[in-house]
Amino acid sequence: MKNEAPFVVAIDGPSGSGKGSLALSVANELGLHLLDSGAIYRMLALKALRQGVDLDDEQRVDGLIDDFDIRFEAGEELSIPFLDGVDVSAELRQEATGDAASRVARHARVRESLLELQRGFLKPPGLVADGRDMGTVVFPKARFKFFLYASVEIRAQRRYKQLINMGLSANIADLQADLAERDERDQNRSASPLKPAEDALVVDSSLLDMAQVTELVLSHIREGKTT
Ligand code: DC
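Here goes a summary of the coordinates provided. The model shown is predicted, which means the values in this text are computed figures rather than measured ones. (Residues numbered from 1 in each chain as written. Predicted model: local features only at pLDDT ≥ 70, side-chain atom pairs only at ≥ 80, totals over all residues. Heavy atoms only, no water.)

**Let's talk about the site of the ligand**
Here is step 1: In the neighbourhood of the ligand, 17 residues make up the surrounding shell, with Arg 42, Arg 111, Arg 132, Asp 133 and Arg 189 lying closest.
Here is step 2: Side-chain polar atom of Ser 37 to a nitrogen atom of the ligand: 3.0 Å apart, as the coordinates give it.
Here is step 3: At 2.9 Å, a side-chain N or O of Arg 189 approaches an oxygen atom of the ligand.
Here is step 4: Relative to its free-state accessible area of 450 Å², the ligand is covered by the protein chains to the extent of 95%.
Here is step 5: Per-element accounting of the shell around the ligand gives the leading share, four residues, to helix H2 (residues 37–50).
Here is step 6: Its residues placed into classes, the shell around the ligand shows four nonpolar, five polar and eight charged. (Near = heavy atom within 4 Å. Polar contact = N/O pair within 3.5 Å; in protein donor to acceptor, adjacent residues only side chain to side chain. Areas by Shrake-Rupley, 256 points an atom, 1.4 Å probe, with all protein chains shown as cover. Helix = DSSP H or I, 4+ residues; strand = E, 2+ residues; numbered from the N terminus. Nonpolar A, V, L, I, M, F, W, Y, C, P; charged D, E, K, R; others polar.)

**Some remarks on the sheet that holds strand S3 (residues 70–74)**
Here is step 1: Pairing is antiparallel across the open sheet formed by three strands, whose spatial order is S3-S4-S5. On the outer flanks of this sheet lie S3 and strand S5 (86–87), each paired with one strand and no other.
Here is step 2: Alignment of S3 against strand S4 (residues 79–83), held across five bridges, turns out to be antiparallel. Each residue of the ladder has a partner; that of Glu 73, found in S4, is Ile 80. (Pairing = 2+ DSSP bridges.)

**A short note on the packing of aromatic side chains**
Here is step 1: As enumerated under the stated definition, the model contains two aromatic pairs in all.
Here is step 2: Plain terms: the ring middles of Phe 72 and Phe 121 are 5.8 Å apart, the flat faces sit at 70° to each other, and that makes the pair edge-to-face. Of this pair, Phe 72 sits in strand S3 while Phe 121 sits in the loop between helix H7 (115–119) and strand S6 (127–131), placing them 49 residues apart in sequence.
Here is step 3: When its relative accessible area of 23% is taken as the criterion, Phe 72 is described as partly exposed.
Here is step 4: The ring of Phe 82 is capped by Arg 71, whose NZ or CZ atom sits 4.3 Å from the centre of that ring. (Phe/Tyr/Trp six-rings, centres within 6.5 Å; stacked < 30°, edge-to-face > 60°. Buried < 20%, exposed > 50% of the residue type's maximum accessible area, 1.4 Å probe, protein only. Lys NZ or Arg CZ within 6 Å of the ring centre and 35° of its normal.)

**Side note on the pattern of salt bridges**
Here is step 1: Summed over all chains, the structure comprises 17 salt bridges.
Here is step 2: Where Arg 111 meets Asp 133, a salt bridge forms, and the shortest distance between an N and an O atom there is 2.8 Å. Placement of the pair is Arg 111 in helix H6 (residues 108–113) and Asp 133 in the loop between S6 and helix H8 (134–138), with a sequence separation of 22 residues.
Here is step 3: For Asp 133, a relative accessible area of 3% translates into the label buried.
Here is step 4: Across the salt bridge formed by Arg 155 and Asp 183, the nearest N and O atoms sit 2.7 Å from each other. Of this pair, Arg 155 sits in helix H9 (residues 152–165) while Asp 183 sits in helix H10 (residues 172–188); the two residues are 28 residues apart in sequence, bridging distant segments of the chain. Residue Arg 155 shares its accessibility class with Asp 183, and that shared class is buried.
Here is step 5: Shared partners join several salt bridges into a network, and the residues in it are Asp 56, Arg 103 and Arg 106. (Salt bridge = Lys/Arg side-chain N within 4 Å of Asp/Glu carboxyl O.)

**Thoughts on the nonpolar core**
Here is step 1: Among the nonpolar cores identified, the biggest contains 34 residues, and Leu 44, Phe 68, Leu 114 and Phe 139 are the most heavily contacted of them.
Here is step 2: Top contributing element to this core by residue count: H2, with eight residues.
Here is step 3: For Leu 114, the residues in contact, after removing those within four places along its chain, are Ile 40, Tyr 41, Leu 44, Ile 65 and Phe 68.
Here is step 4: Listed in part, the 16 residues of the second largest apolar core include Ile 11, Ala 23, Val 26 and Val 213. (Core = buried A, V, L, I, M, F, W, Y, C linked by side-chain atoms within 4.5 Å. Contact = heavy atoms within 4.5 Å.)

As structure tokens, then:
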């Protein structure tokens, strides 16, 4: 029975849980396509900000999807996101864009309009998709589902180290407050809230490093377990 499911590895989890790096490693290791669904919400948020569209205006944000020109190009390590033909990697990484993405992502109509676009990324030999609702809504029949968890304190510490290593200034209390606010919004919205699928394996990465998390997930897939 399980071989009838499309070969999708769904990786969901809160902001800063490391699911993006995990998805990239798993996709590279298994030779699968990659969908960074957060980047799609971030690009939509960027488009709304650029056009001065109120992020809380569901109808107008949804209307932007009628003319939503996005693509990803393979880069050396990461894939590069293009909005209206222009590389927007730097803007997408900014905290402000992530925050705006979390606001446009609350709208049920917007989520509905982005479903087919996201499902279009599934091509042979298969897909690793990361986000908030990959295993629950976008790919409910995914062969493997993981939910990557880490406490907000640990995620804030990791983000702090990343920013400091990049030579940027950061305040750990502010980072923690921002993550907690984003979690609250992503978990408590009525449309596709952030939560583990019933058949997802919840991986607590608080005490594991990325290499250990990746190994755990890969061995689970290689052993062919479905939960
Ligand atoms: O994964 P990320 O931090 O790039 O996502 C940015 C925001 O987009 C996040 O706060 C919530 C939203 N999002 C979502 O609602 N559903 C997804 N599948 C992916 C992201």
